[in-house]
Amino acid sequence: MTQATYVRTDTIPLAQLTPFPGNAKRGDVGAILSSLARNGQYRALVVREVEPDRYVVLAGNHTTQALAAHGPGDCGMTVKAGDEERPCGVCGNQPWEPAARCEVVHCDDDTATRINLVDNRASDLGTYDEQALADLIGGLDDLGGTGWTDGECWPTCQDMAEPEGAPGTWTVTYRWGLPLDEAAIAAVSELTCQLILACLPPGTKGCGECRLPGNVTRVVRRGVEIEMADPTLIFGEGRTGLPLVDLWLSTVNPHRLASPSRVFSPDLKRPRVTTWP
Ligand SMILES: [Zn+2]
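These numbers come from a predicted model, not from an experiment. Residue positions within a chain follow its written sequence, with the count starting from 1. Two thresholds apply to this predicted model, a pLDDT of at least 70 for residue-level local features and 80 or more for giving and counting side-chain atom pairs, whereas whole-chain, interface and lining totals are computed over all residues.

Engineer: Can you walk me through the pairing of strand β5 (residues 78-81) in this structure?
Structural biologist: The side chains of a regular strand alternate between both faces of the sheet. When DSSP finds two or more bridges between a pair of strands, those strands are recorded as paired. To qualify as a helix, a DSSP run of H or I must reach at least 4 residues; to qualify as a strand, a run of E must reach at least 2; elements of each kind are numbered from the N terminus. Sheet topology places β5 next to strand β6 (residues 84-87); four bridges connect them, and they run antiparallel. Within β6, the position partnered with Lys80 by the bridge is Glu85. The loop that links β5 with its antiparallel partner β6 comprises two residues; one of these, Gly82, has a positive phi angle of about 65 degrees.

Engineer: Help me out: how do you make sense of the sheet that holds strand β4 (residues 54-59) in this one?
Structural biologist: Strand pairing in a sheet takes place through backbone hydrogen bonds and is either antiparallel or parallel in direction. Taken in spatial order, the five strands of this open sheet run β1-β7-β3-β4-β2, and their pairing is mixed. Only two strands of the sheet have a single partner each, and these edge strands are β1 (5-13) and β2 (17-18). Two strands pair when backbone bridges link them, and β2 and β4 are joined in this way by two bridges, in the parallel orientation. Bridging across to β4, Thr18 finds its partner in Val56. Running over the sheet, helix α2 (residues 61-70) touches β2, β3 (45-51), β4 and β7 (99-106) and is turned about 150 degrees from β7. The sheet contacts of helix α3 (residues 109-125) involve β3 and β4, and relative to β4 the element is tilted by about 40 degrees. Think of it this way: build a C-beta for each residue from its backbone, and any pair within 7 Å is a contact. As a rule, the C-alpha atoms of each element are fitted with a line to give its axis, helices using only the stretch in contact, and angles between N-to-C directions run from 0 to 180 degrees.

Engineer: Where do I start with the packing of helix α5 (residues 182-199) against helix α7 (residues 243-252) in this structure?
Structural biologist: Interaxial distance between α5 and α7 falls to 8 Å at its minimum, and their mutual angle equals 140 degrees. Relative to α7, α5 is oriented oblique. In this structure, α5 crosses over α7, and the sense of that crossing is left-handed. Across the interface between the two elements, Ala183, Ala184, Ala186, Ala187, Glu190 and Leu191 of α5 pack against Leu244, Val245 and Trp248 of α7. Think of it as three bins: nonpolar holds Ala, Val, Leu, Ile, Met, Phe, Trp, Tyr, Cys and Pro, charged holds Asp, Glu, Lys and Arg, and polar takes everything else, Gly as well. Looking at the contact of α5 with α7, its residues break down into eight nonpolar, no polar and one charged. By the definition adopted for this analysis, an angle is roughly parallel if under 35 degrees, roughly antiparallel if over 145, roughly perpendicular if from 65 to 115, and oblique otherwise. Handedness of a crossing is defined here by the sense of rotation of the near helix relative to the far one, left-handed for an anticlockwise turn of less than a right angle and right-handed for a clockwise turn.

Engineer: Explanation requested: the packing of helix α1 (residues 29-39) against α2 in the structure shown.
Structural biologist: The geometry of a pair of packed helices is captured by two quantities: the angle between their axes and the separation between those axes. Across the interface, α1 lies against α2 with an axial gap of 9 Å and an inter-helix angle of 70 degrees. Here α1 is positioned roughly perpendicular relative to α2, judged by the angle of their axes. Mapping the contact onto sequence places Val29, Ile32, Leu33 and Leu36 in α1 and His62, Thr63, Gln65, Ala66, Leu67, Ala69 and His70 in α2. Counted by class, the contact of α1 with α2 contains seven nonpolar, four polar and no charged residues.

Printed below as a string of structure tokens:
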């Protein structure tokens with residue numbers, strides 16, 4: 001048996017569910033409980049039947065914790081949906097015995113570990129289309145049960161005494177430009193080295209060693225005349241005179257554009273603009 005076999009879908013008392021031993025994910029139980037109260041348990045847990053009436057939770061360990069945190073009986077919580085007051089999605093404000101809807105599977109230990117790992121990991125690996133996300137959230141009256149908050153006290157609640165990433169702080173990571181490939185790094189390295197050499201005083205492995213074209217076009221020495229390309233022309237063409245750098249430049253910018261291309265279209269959606277306060 002190398003794959004999980006679906007057995008049945010069942011509502012199983014929490015007392016019969018065991019958390020996956022050594023589960024490495026630390027989920028946000030509070031956010032899951034808010035979602036359960038607002039939306040109900042819309043997705044079944046995936047549990048492995050290990051013996052009759054004993055199951056190990058492969059996927060949904062934090063949902064199990066959230067249901068346990070809700071506890072038995074009527075929690076007395078209601079959720080606001082617009083102007084409407086709705087009963088809790090877990091207990092329905094009725095007497096309730098802690099239980100979860102589960103998909104029961106049979107599998108071996110190895111597959112059980114893989115299911116637990118990938119279920120935790122797969123959502124980490126995804127990213128967001130920020131515009132689509134903003135559009136979806138923008139279409140809701142409130143953010144209850146979405147896992148998103150409205151920023152609350154931001155930006156006045158920044159705790160400047162705490163290091164970034166600590167509770168009570170928010171951080172903006174600003175990344176400029178694109179990651180460079182190895183050819184680009186080699187080209188930039190050569191250019192940097194030559195610029196440093198050019199800056200060193202003469203006779204200290206500077207100046208004479210520098211391969212950047214100087215302001216010289218003709219040298220006559222011992223009857224030998226050397227004609228060199230006009231350096232101002234080289235720079236004027238967007239080149240440096242350094243082979244590695246010029247090769248790279250001609251690869252990424254074969255038409256020697258002086259600035260990035262831009263597209264103007266009357267059909268393009270205007271960017272979303274937020275003004276604060
Ligand atoms: Zn409840």
